[in-house]
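Structural characterization, general
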Amino acid sequence: MDIYNDTVKGLVLNPEFRKWVLNPSPERNKTWKHYLSTNPTSVKDVELARELILELFSNQYPLQDKEYKEIWDNIETKTTKEDQQKQFAKVVPIRQGIVKEKPTSTQDSFQIGYFWRIASILLIALGVGFFASHYKLPEPTVDIPQPVKKVVFNNPPGVKSSISLADGTRVMLNAGSSLSYEENRFKEVRDVFLEGEAFFEVAHDPDRPFTVNAGGVNTTALGTSFNIMAYKDEKQMVSLVAGKVSIGLPNSIDEKILLAPKEAISISPDKMLVSRTKFDEDAILAWTRKTIVFEDTKLAEAIRALENWYGVRFHFQNQPKPGKRLSGKFHNETLENVLEGLSYTAGLDFRIEKDQVNITFN
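Every value quoted in this text rests on a predicted model; they were computed, and no experiment measured them.

**Some points on the environment of Thr 220**
The topology assignment puts Thr 220 in strand β7 (residues 217-221). The sequence separation of Thr 220 and Phe 210 amounts to 10 residues, and the corresponding C-alpha distance is 5.5 Å. When residues no more than four places from it in sequence are discounted, the contact partners of Thr 220 are Pro 209, Phe 210, Thr 211, Lys 244, Val 245 and Ser 246. Among the polar contacts made by the side chain of Thr 220, one reaches the side chain of Thr 211 at a distance of 3.0 Å.

Shown next, in the form of structure tokens:
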């Protein structure tokens, strides 16, 4: 038949599809949800096939796989153009069976009724506008998942940025850092993901807490300002400037750490050591004010900060003494001036070649 869709037939003849329609289960729902997500153009076929099974092949008159096949073969071989024209003229309702010959048995009666009812549904659904405007197929039981749209702010080394989120929250993102969130969910759930360092001024919304996930550590606030430093393989620090935050550590679902203003929490890279301290706001927020502050800072952390700040790469010509640390404060200075200042206290010589810095320790 020219009007017949093989996809619909394939679904109706599929035993697993019929089991899902007539006897749904979580596992079958998962299977056919995946089918729909990977075959979005088959939604209409699935709707029609599902309606056929629900209307005609309910548990009241169970059929075997062989009987399904025979009914479909009868439709393809016995339905002529004259039959189709009669069906269009009569616009037979879905639930009305048409039997023109006296059935020889109860089973034959069922099959003839099913045959004409299937033909009626297919003909009417594909060719009659009246049916389309007066009869609506039920909504599919499985929703097609919407694609996730991710918003990402990514600062390369040497670049800092100021960001305004849709809820009014303001974020200053440090160099060599990234901030991301799922746009679909953000209107309902204010969750963002941070790698690197950022300062947040959170818009107050008591019904929607604002949560920053940084390396598995969740910092939640309603309306407050705080700084988070969470570079890979370094200690993480959450510093609360104003308001209140609660901090959840990995594998500590029920235990939350509450911070008061001017308090900071330091978390080791392995998340095993946690310490609470007071902090110097000028030092913590110096990077937002174009100032670099090293206070007995580990060499590796200081080099990472300079690489991100100026967009360069450092190369050591020899190894420094173990445990070397750097100290110094530089406001809006060039890289050359910063290294010149550090050379006296850290005992080093430097050479800058474009975006490469060669360091030799004395």
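**Some remarks on the environment of Pro 156**
With respect to the helices and strands, the residue Pro 156 is situated in the loop between β1 (150-154) and β2 (161-164). A C-alpha to C-alpha distance of 4.9 Å links Pro 156 and Gly 176, two positions 20 residues apart in sequence. Leaving out residues up to four positions away in the same chain, Pro 156 has contacts with Ala 175 and Gly 176.

**A word on the confidence of the model for the chain**
Detailed reading of the predicted coordinates is not advisable wherever pLDDT is low. Summarising the model, the chain shows a mean pLDDT of 77, and 72% of its residues fall at 70 or more. Looking at the elements of the chain, mean pLDDT is at its lowest for helix α8 (residues 129-134), recorded as 39, and at its highest for strand β3 (residues 170-173), recorded as 96. Contacts from residues 123-137, a stretch scored under 50 in pLDDT, to residues over four places away or in other chains number 21 contacts.

**Considering the pattern of salt bridges**
Where charged atoms of side chains with opposite charge meet at close range, the side chains can pair. Counted under the stated rule, the structure contains 12 salt bridges. Residues Asp 205 and Arg 208 are paired through a salt bridge, measuring 2.9 Å at the closest nitrogen-oxygen approach. Glu 234 is the salt-bridge partner of Arg 304, the closest N and O atoms lying 2.8 Å from each other. Of this pair, Arg 304 sits in helix α11 (residues 299-310) while Glu 234 sits in the loop between β8 (225-230) and β9 (236-242), and the two are 70 residues apart along the sequence.

**Looking at the pairing of strand β17 (residues 348-353)**
Where β17 meets strand β18 (residues 356-361), 6 bridges bridge the pair, whose relative direction is antiparallel. By the bridge assignment, Arg 351 is partnered in β18 with Asn 358. Counting the residues in the hairpin turn of β17 and β18 gives 2 residues, including Lys 354, whose phi is positive at 55 degrees.

**What about the side chain of Glu 234?**
For Glu 234, a relative accessible area of 15% puts it in the buried group. Among residues more than four places away in sequence, those in contact with Glu 234 are Pro 269, Glu 301 and Arg 304.

**Observations regarding the sheet that holds strand β15 (residues 313-316)**
Across the sheet, 3 strands lie side by side as β15-β18-β17; this open sheet has mixed pairing. At either margin of the open sheet sits one strand with a lone partner, and together these are β15 and β17. Neighbouring strand axes in the sheet, compared pairwise and without regard to direction, differ in orientation by 25 degrees on average. Against the sheet, α11 contacts β15 and β18, and its axis sits at roughly 140 degrees relative to β15. Packing against the sheet, helix α12 (residues 335-346) makes contact with β15, β17 and β18, and its axis sits at approximately 160 degrees to β17.

**Some thoughts on the packing of helix α2 (residues 15-22) against helix α3 (residues 26-38)**
For any two helices packed against each other, the geometry comes down to the angle between their axes and how far apart the axes lie. Remark: α2 packs on α3, axes separated minimally by 10 Å, with the N-to-C direction vectors making an angle of 120 degrees. Accordingly, the angle class assigned to the pair α2 and α3 is oblique. Of the two possible hands of crossing, α2 and α3 adopt the one that is left-handed. Of α3, the residues touching α2 (which contributes Glu 16, Phe 17, Lys 19 and Trp 20) are Arg 28, Asn 29 and Trp 32. Looking at the contact of α2 with α3 residue by residue, the class counts come to 3 nonpolar, 1 polar and 3 charged.

**Some words on α2**
A turn of α-helix holds 3.6 residues, and therefore any two residues three or four places apart point the same way. Burial in α2 covers these residues: Phe 17, Arg 18, Trp 20 and Val 21. An end-on view of α2 places all buried positions within 160 degrees of arc, on one side of the element. In this structure Asn 14 caps α2, since a side-chain oxygen of it lies 2.9 Å from the backbone nitrogen of Glu 16.

**Points about the packing of aromatic side chains**
In this description, an aromatic ring pair is defined by two values, namely the gap between the centres and the angle between the planes. The full count for this structure, using the stated rule, is 8 aromatic pairs. With 5.0 Å between their ring centres and 75 degrees between their planes, Phe 17 and Trp 32 make a pair best called edge-to-face. Of this pair, Phe 17 sits in helix α2 while Trp 32 sits in helix α3, placing them 15 residues apart in sequence. We note that Phe 17, like Trp 32, is buried. With 5.3 Å between their ring centres and 25 degrees between their planes, Phe 200 and Phe 226 make a pair best called stacked. Remark: Phe 226 occurs in strand β8 and Phe 200 occurs in strand β5 (residues 190-201); sequence separation between them is 26 residues. The exposure class assigned to Phe 200 is buried, which follows from its relative accessible area of 0%. An aromatic cluster is defined as three or more aromatic residues linked by ring pairs; in this entry it consists of Phe 17, Trp 20, Trp 32 and Tyr 35.

**What about unusual backbone geometry?**
Positive phi outside glycine occurs at Asp 233, with the angle close to 65 degrees. Considering the arrangement of structural elements, one finds Asp 233 in the loop between β8 and β9. With relative accessibility at 65%, the residue Asp 233 sits in the exposed group. The backbone of Lys 271 shows a phi angle near 65 degrees, a positive value even though the residue is not glycine.

Reading the values: the criteria
Residues numbered from 1 in each chain as written. Predicted model: local features only at pLDDT ≥ 70, side-chain atom pairs only at ≥ 80, totals over all residues. Heavy atoms only, no water. Helix = DSSP H or I, 4+ residues; strand = E, 2+ residues; numbered from the N terminus. Contact = heavy atoms within 4.5 Å. Polar contact = N/O pair within 3.5 Å; in protein donor to acceptor, adjacent residues only side chain to side chain. pLDDT = per-residue confidence, 0-100. Salt bridge = Lys/Arg side-chain N within 4 Å of Asp/Glu carboxyl O. Pairing = 2+ DSSP bridges. Buried < 20%, exposed > 50% of the residue type's maximum accessible area, 1.4 Å probe, protein only. Axes fitted to C-alpha atoms, helices over the stretch in contact; angles between N-to-C directions. Parallel < 35°, antiparallel > 145°, perpendicular 65-115°, else oblique. Left-handed = near helix turned anticlockwise from the far one by under 90°. Nonpolar A, V, L, I, M, F, W, Y, C, P; charged D, E, K, R; others polar. Arc of directions from axis to C-beta. Phe/Tyr/Trp six-rings, centres within 6.5 Å; stacked < 30°, edge-to-face > 60°.

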